[in-house]
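# Coordinate analysis (summary)
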Amino acid sequence: MVRQWRAVHPELNTGPMEVIGRINRCAALLQQAEDAPLRRAGLSRPEFDLLGALRRTGHELTPGELARETFSSGAAVTKRLKQLTERGLIERRGDTRDRRVAHLRLTDAGRDLVDGILPEQLAYETSVLSVLAPEGQGELAALLGDLLSRLEGRMGSLRG
């Protein structure tokens with residue numbers, strides 16, 4: 001693709017396409033493959049992210065806090081919470097001072113599911129990344145972290 005663009009527009013720097021294009025292609029391939037352990041458990045990655053946020057913080061969260069914690073929209077969180085509650089993985093508790101506020105926590109079944117899947121999920125992710133040397137994985141994580149941090153800061157300033 002980059003070679004073709006260079007042929008059409010040799011005066012343009014197509015280097016950014018190599019980075020962004022590869023990030024997008026990796027993301028697409030990872031999404032196509034899905035996360036095998038999660039799929040076997042009947043969970044999507046976004047659902048697991050909600051369960052994981054409740055597990056790793058160790059305390060109740062409101063839907064708004066979960067949205068911020070998982071970088072999801074409020075509507076998406078609401079939809080996922082409904083499904084996870086119906087499956088008996090999350091329970092809601094009303095706020096004593098404000099009926100509009102719900103506090104969410106994992107049920108025992110939800111905690112057991114997260115704790116059971118996490119080692120298998122990490123092994124799956126380790127396998128996916130095993131094509132890179134450990135130093136390369138660390139370097140990639142650091143570079144993507146820098147990029148993400150700058151993008152989040154930039155996007156926040158553009159929205160505000």
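Use the structure listed above.
Small disclaimer: the values here were computed from a predicted structure and weren't measured.

## Digging into the overall build of the protein chain
Helix and strand counts for the protein chain stand at eight helices and two strands. The order of α-helices and β-strands along the protein chain, N terminus first, is α-α-α-α-α-α-β-β-α-α. For the protein chain, whose C-alpha radius of gyration is 20 Å, the value lies well above the compact-globule estimate of 15 Å for 160 residues. For the protein chain, the spread of C-alpha atoms along the principal axes amounts to about 65 × 40 × 25 Å. The 160 residues of the protein chain split such that 22% are buried. At a minimum sequence separation of 6, the contacts of the protein chain that also span at least 24 residues come to 50%.

## Topic: unusual backbone geometry
Here the phi dihedral of Phe71 falls at roughly 55 degrees; this positive angle occurs in a residue that is not glycine. When you line up the elements, Phe71 lands in the loop between helix H5 (63-70) and helix H6 (74-86).

## Some words on the nonpolar core
Judged by nonpolar contacts, the single largest core of 19 residues is most densely connected at Leu43, Leu51, Leu54, Leu66, Leu81, Leu84 and Ile90. Of all the elements in the fold, those that place two or more residues in this core are helix H4 (45-57), H5, H6, strand S2 (102-106) and helix H7 (108-129). It is H4 that contributes the most residues to this core, five residues altogether.

## Notes on H5
Listing the buried residues of H5 in full gives Leu66, Ala67 and Thr70. For H5, the angular spread of buried residues about the axis comes to 100 degrees, placing them on one side. Where the residues of H5 are buried, they touch H4, H6 and S2.

## Considering the pattern of salt bridges
Inspection of the entire model under this criterion finds 13 salt bridges. Between Arg56 and Glu69 there is a salt bridge, with the nearest N and O atoms lying 3.1 Å from each other. Within this pair, whereas Arg56 is found in helix H4, its partner Glu69 is found in helix H5, the two being separated by 13 residues in sequence. By relative accessible area, which is 53% here, Arg56 ends up exposed. Within this structure, Glu60, Glu91, Arg93 and Arg105 form a network of salt bridges that share partners.

## Overview of the environment of Arg40
By the secondary structure assignment, Arg40 is in helix H3 (residues 36-40). Residues Arg40 and Ile117 lie 77 residues apart in sequence; the distance between their C-alpha atoms is 9.6 Å.

## Quick word on H4
Taking 1.5 Å as the rise per residue, H4 with 13 residues should run 18 Å; its terminal C-alpha atoms sit 18 Å apart, in good agreement. Taken residue by residue, H4 has Glu47, Phe48, Leu50, Leu51, Gly52, Ala53 and Leu54 as its buried positions. Its buried side turned inward, H4 meets H3, H5, H6, strand S1 (90-94), S2 and H7. One or two residues past the end of H4 sits Gly58, with phi positive at roughly 75 degrees.

## Regarding the packing of H5 against H6
At a closest axis distance of 9 Å, the pairing of H5 and H6 adopts a crossing angle of 110 degrees. Of the possible angle classes, the one that applies to H5 and H6 is roughly perpendicular. Handedness of the crossing formed by H5 with H6: right-handed. Only Gly74, Val77 and Leu81 of H6 make contact with H5, whose side of the interface consists of Pro63, Leu66, Ala67 and Thr70.

Calculation rules
Residues numbered from 1 in each chain as written. Predicted model: local features only at pLDDT ≥ 70, side-chain atom pairs only at ≥ 80, totals over all residues. Heavy atoms only, no water. Helix = DSSP H or I, 4+ residues; strand = E, 2+ residues; numbered from the N terminus. Rg over C-alpha atoms; globule rule 2.2 N^0.38 Å. Buried < 20%, exposed > 50% of the residue type's maximum accessible area, 1.4 Å probe, protein only. Contact = heavy atoms within 4.5 Å. Core = buried A, V, L, I, M, F, W, Y, C linked by side-chain atoms within 4.5 Å. Arc of directions from axis to C-beta. Salt bridge = Lys/Arg side-chain N within 4 Å of Asp/Glu carboxyl O. Expected span 1.5 Å × (residues − 1). Axes fitted to C-alpha atoms, helices over the stretch in contact; angles between N-to-C directions. Parallel < 35°, antiparallel > 145°, perpendicular 65-115°, else oblique. Left-handed = near helix turned anticlockwise from the far one by under 90°.

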